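What follows is the residue order along each chain.
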There are 2 protein chains.
Amino acid sequence: MRDAAVTIRDVAKAAGVSVATVSRVFNRPALVTAGLRARVLGTAERLGYVAYGAARALASGRSRAVGAIVPTLDNQVFAVCIDALQQRLDAHGFALLVASAGYDAAREAREVRLLLERGIDGLMLVGAEHPPAVWALLGRRAPAVPAVVTWTSAVVDIPVPSIGFDNAAAARRIVEHLLELGHRRIAMVAGPTVGNDRAAARVAGVRAALAASGLTLAPPYLSERPYTVPDGHAAALALLTLPDPPTAIVCGNDHLALGALAGARALGLAVPRDLSITGFDDLDFAAYAEPPLTTVRVPAAEMGQRAAEYLAAAAIGPAPLVGTVLEAPVMLRASTARPPSRVPAALRPPRCDRPASALR
Amino acid sequence: MRDAAVTIRDVAKAAGVSVATVSRVFNRPALVTAGLRARVLGTAERLGYVAYGAARALASGRSRAVGAIVPTLDNQVFAVCIDALQQRLDAHGFALLVASAGYDAAREAREVRLLLERGIDGLMLVGAEHPPAVWALLGRRAPAVPAVVTWTSAVVDIPVPSIGFDNAAAARRIVEHLLELGHRRIAMVAGPTVGNDRAAARVAGVRAALAASGLTLAPPYLSERPYTVPDGHAAALALLTLPDPPTAIVCGNDHLALGALAGARALGLAVPRDLSITGFDDLDFAAYAEPPLTTVRVPAAEMGQRAAEYLAAAAIGPAPLVGTVLEAPVMLRASTARPPSRVPAALRPPRCDRPASALR
DNA sequence: CGGCATGCTGAAAACGGTTTCAGCATGCGC
DNA sequence: GCGCATGCTGAAACCGTTTTCAGCATGCCG
């Protein structure tokens, strides 16, 4: 294995210098005279020398790689973050190891361990809620492996900085918008909240806004569904066929909202005339949905960039342990409007044996 | 650095055995008697020992990591593939290093080099077209680093197996569907074709289908746009305001198609009554667009899985160098139908000074 | 009961870099 | 012209693990 690979020794020999000099040429060029440097660089290039990262990492104690664990890459919002993270990391000379944990705490702990074995110099995590084993593992190495949590503004009980936004506040604002429009019957299709502090915070935000208007949120007006389009579709159908259907549905993310939009359409409802629907994330299809989706813009790329900057800095030396709370603005578009003055025709009981109640 | 980290030596000392034995316990447990194995495992657990990957890689010559370079992670289709790749790799004990090259050959070559420096044991690439430097770099190590190309069925001129699908054939089939419906004025909004064999193959496939019916494809009916929703929107607008607008628009991917759908809507056109639109990729929003998008289902996850299987096998020992061509079926949905019998009202010139030509 | 496989275990040599430390010029000041 | 500080360069130690090789029991067979 690696038989024919050209090593630093080959370069040194060919250039007539010591391996120390070759190493210096690449790592601290200022320490080598210009002439020698050029000669070494030349022979290295000619021989096609590629330094072997493992040896470098072993000798220097730094792998120049950072890890990132996201719930899933399937969701574009995480993919965008990872893309930004990688590009920024690249600019600092770091490679990125990614793993997805599928919203599973045990699997996440396992991935953290595997990444740590790889000698990563930093780690990006999503959300504030992680098994204690994760923090223990991170502290094991000395100095402790720097880490950041993203997607959250929680600053308590976590030994690492967070770069995120306030999920609860964003959810609250979008519901306030609905309340201002006059909605009172507001339902929510949330993502799974167990072990997911972001999803839970969004529910809490919705509750808070509702509570301020004397409203509450409980099943069947609150349902939890996996973050998929078909689930949003099914959830909307269930909600809208309730005896007392909501006039607005707040969705935990854009996938659920897109499904809800389709569900409403399937029932013959016009959005936003008959029903208002909101999303969360502002994925690229949100603004082009029919109708364009009112949603919360999540700063996915910016979180990735800032996480990269922090981790790159922290890998070199001590970096300030600051928490960053980014903006997550509500994007008002065409899927929300004033509630219908009466129950939409499409939702009225098919038989008109009780017209009075249907028109109430 | 790593001062307090517990090493294999610490475990050996604590367990009263040699480092060789500890190493064997983890790598070839069968060589160690059960009792000893249990003792070593116990102390390792107690001490919180985590093997250091760099040292392992250096000593064993394998990093147990593979790399993947995609054009971008922004596009869900690649993210899905990477997610599947990572999960499958994980099952084989491999970590995944990802990088995005932004549809830029030079940047890709650079990323390949960086990944190789990291000592990856395998590499997944997208598409068949890569700078020669890439292949040279891959062959530099001995034995050569195994690689796979995905998203393509090209089998010529590439020293590595491909796991993909036939872009041209899929594009051809979707156009044949349009032709069968009776369309003759078929336009295409393609992705950028320079350095992108997939985009080029899709154009070629459209051309081939058209040619079989005596039709051609050329600007302004053929335009190239970045793969974004707004670009699809703009392109559709440009196409539909042509003196002789198309009755069907074939889009290079679903993002462009979603934008085109919105563009048609903006002009007051009903899809598919007044205009047919097709996509490519079958992202999760495609089936829930308004109307649901006729598109090509790209086996993104399956390519990721198969690439993982191949690379994991090839990293261990020689693996069969087979090319795999997966299915990429056309998903017939509601965005395609027979062409309108006359120019849609919305597209007719506002002034009726030439009614005869408008009704032609 | 002795000799010989057989099977575990430990000592030590890689693996390919980085980095410390010492040595050797070189250039400067006197 | 000599001594000394300065600045490059090279020799060698070291990073943590795997793996080869030899040695030592042990068990089996004759």
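In this convention, every chain numbers its residues from 1, walking through the sequence in written order. All chains are assigned letters beginning at A, and all ligands numbers beginning at 1, according to the order in which they are written. Local features in this predicted model are restricted to residues of pLDDT 70 or higher, and side-chain atom pairs are both shown and tallied only at a pLDDT of 80 or more, whereas totals for entire chains, interfaces and linings draw on every residue. Hydrogens and water are ignored here; the side-chain numbers use all heavy atoms of the structure.

Notes on the protein's contact with DNA strand C
Only heavy atoms are used to decide nearness, and a residue is near a molecule or strand if one of them lies within 4 Å of it. Ile8, Ser23 and Asn27 of chain A together with Thr21 and Thr33 of chain B are the nearest of the 25 residues found near DNA strand C. Sugar plus phosphate, as a fraction of atoms of DNA strand C within 4 Å of the protein: 59%. Polar contacts, as counted here, are pairs of nitrogen or oxygen atoms within 3.5 Å of one another; within protein the pair requires one atom able to donate a hydrogen and one able to accept it, and residues that are adjacent in sequence qualify only if both atoms are side-chain atoms. Take Arg9 of chain A: an N or O atom from its side chain is 3.4 Å from a base nitrogen of DNA strand C. Within the contact set of DNA strand C, a phosphate oxygen lies 2.4 Å away from a side-chain nitrogen or oxygen of Ser23 of chain A.

Focus: the confidence of the model for chain A
Confidence of the predictor at the level of single residues is captured by pLDDT, which takes values from 0 to 100. Per-residue pLDDT for chain A has a mean of 90; in total, 94% of the residues score no lower than 70. Only heavy atoms matter for contacts: two residues are in contact if any of them lie within 4.5 Å across the pair. Every residue in residues 351–360 of chain A scores below 50 in pLDDT, and together they form four contacts with partners more than four places removed in sequence or on other chains.

Some details on the sheet that holds strand β7 (residues 222–224) of chain B
Sheets are built from strands that pair by backbone hydrogen bonding, the pairs being arranged parallel or antiparallel. Residue and element names in this part refer to chain B. By this definition, two strands are paired if DSSP reports at least two bridges between them. A run of H or I in DSSP counts as a helix once it spans at least four residues, and a run of E counts as a strand once it spans at least two, with each numbered from the N terminus. If you trace the four strands from one edge of the open sheet to the other, you get β7-β6-β8-β9, paired in parallel fashion. A single partner strand is all that each edge strand has here, and the edge strands are β7 and β9 (276–278). On average, adjacent strands in this sheet sit at an angle of 15 degrees to one another, irrespective of strand direction. In terms of strand pairing, strand β6 (residues 186–190) meets strand β8 (residues 248–251) through four bridges, oriented parallel. Note on method: axes are straight lines fitted to C-alpha atoms, helices fitted across the in-contact stretch only, with angles between N-to-C directions ranging 0 to 180 degrees.

Concerning the packing of helix α1 (residues 8–15) of chain B against helix α3 (residues 34–47) of chain B
All names here are of chain B. Close contact between α1 and α3 brings their axes to 9 Å; oriented N to C, the two are set at 125 degrees. Taken together, the axis directions place α1 and α3 in an arrangement best described as oblique. Judged by the sense of rotation from one axis to the other, the crossing of α1 with α3 is right-handed. In this structure, α1 uses Asp10, Val11, Ala14 and Ala15 to contact α3, whose residues at the interface are Arg39, Val40, Thr43, Ala44 and Leu47. Across the contact of α1 with α3, the residue classes tally to six nonpolar, one polar and two charged. Working rule for angles: under 35 degrees goes down as roughly parallel, over 145 as roughly antiparallel, 65 to 115 as roughly perpendicular, anything else as oblique. Should the near helix be turned anticlockwise from the far one by less than a right angle, the crossing is left-handed, and should it be turned clockwise, the crossing is right-handed. Classification used: nonpolar for Ala, Val, Leu, Ile, Met, Phe, Trp, Tyr, Cys and Pro, charged for Asp, Glu, Lys and Arg, polar for all others including Gly.

Concerning the environment of Ile69 of chain A
Residues and elements named next belong to chain A. Looking at where Ile69 falls in the secondary structure, it is placed in strand β1 (residues 65–70). Sequence-wise, Ile69 and Ser100 are 31 residues apart; in three dimensions their C-alpha atoms are separated by 5.4 Å. Other than its neighbours up to four places away in sequence, Ile69 contacts Ala99, Ala101, Glu108, Glu111, Val112, Leu115, Leu123, Met124, Leu125 and Val126.

Details of the pairing of strand β5 (residues 162–165) of chain B
Residues and elements named next belong to chain B. Here β5 shows two buried faces, one formed by Ser162 and Gly164 and the other by Ile163 and Phe165. Two elements, strand β4 (residues 147–150) and β5, share two bridges in a ladder whose sense is parallel. Bridge pairing links Thr150 to Ile163 in β5. For every residue, the accessible area (1.4 Å probe, protein chains only) is compared with the maximum for its type, and the residue is labelled buried under 20%, exposed over 50%, or partly exposed between those bounds.

So, the protein's contact with DNA strand D
In the region of DNA strand D, 27 residues are neighbours, and Thr21 and Thr33 of chain A together with Ile8, Arg9 and Ser23 of chain B sit closest. Among atoms of DNA strand D positioned within 4 Å of the protein, sugar and phosphate together represent 60%. Ser18 of chain A has a polar backbone atom sitting 3.1 Å from a phosphate oxygen of DNA strand D. For DNA strand D, a phosphate oxygen lies 3.1 Å from a polar atom in the side chain of Arg56 of chain B.

Considering the sheet that holds strand β7 (residues 222–224) of chain A
All names here are of chain A. What the four strands build is an open sheet, ordered β7-β6-β8-β9; its pairing is parallel. The two strands at the open ends of the sheet, each matched to only one other strand, are β7 and β9 (276–278). Each strand of the sheet is rotated relative to its neighbour by a mean of 15 degrees, with strand direction disregarded. Pairing of strand β8 (residues 248–251) with β9 involves three bridges; the strand directions are parallel. Among the inter-strand pairings, Ile249 is bridged to a residue of β9, identified as Ile277. The strands touched by helix α9 (residues 197–212) within the sheet are β6 (186–190), β7 and β8, with β6 carrying the most contacts at an inclination of about 170 degrees. Sheet strands touched by helix α11 (residues 254–266): β6, β8 and β9. Its angle to β9, the strand with the most contacts, is close to 160 degrees.

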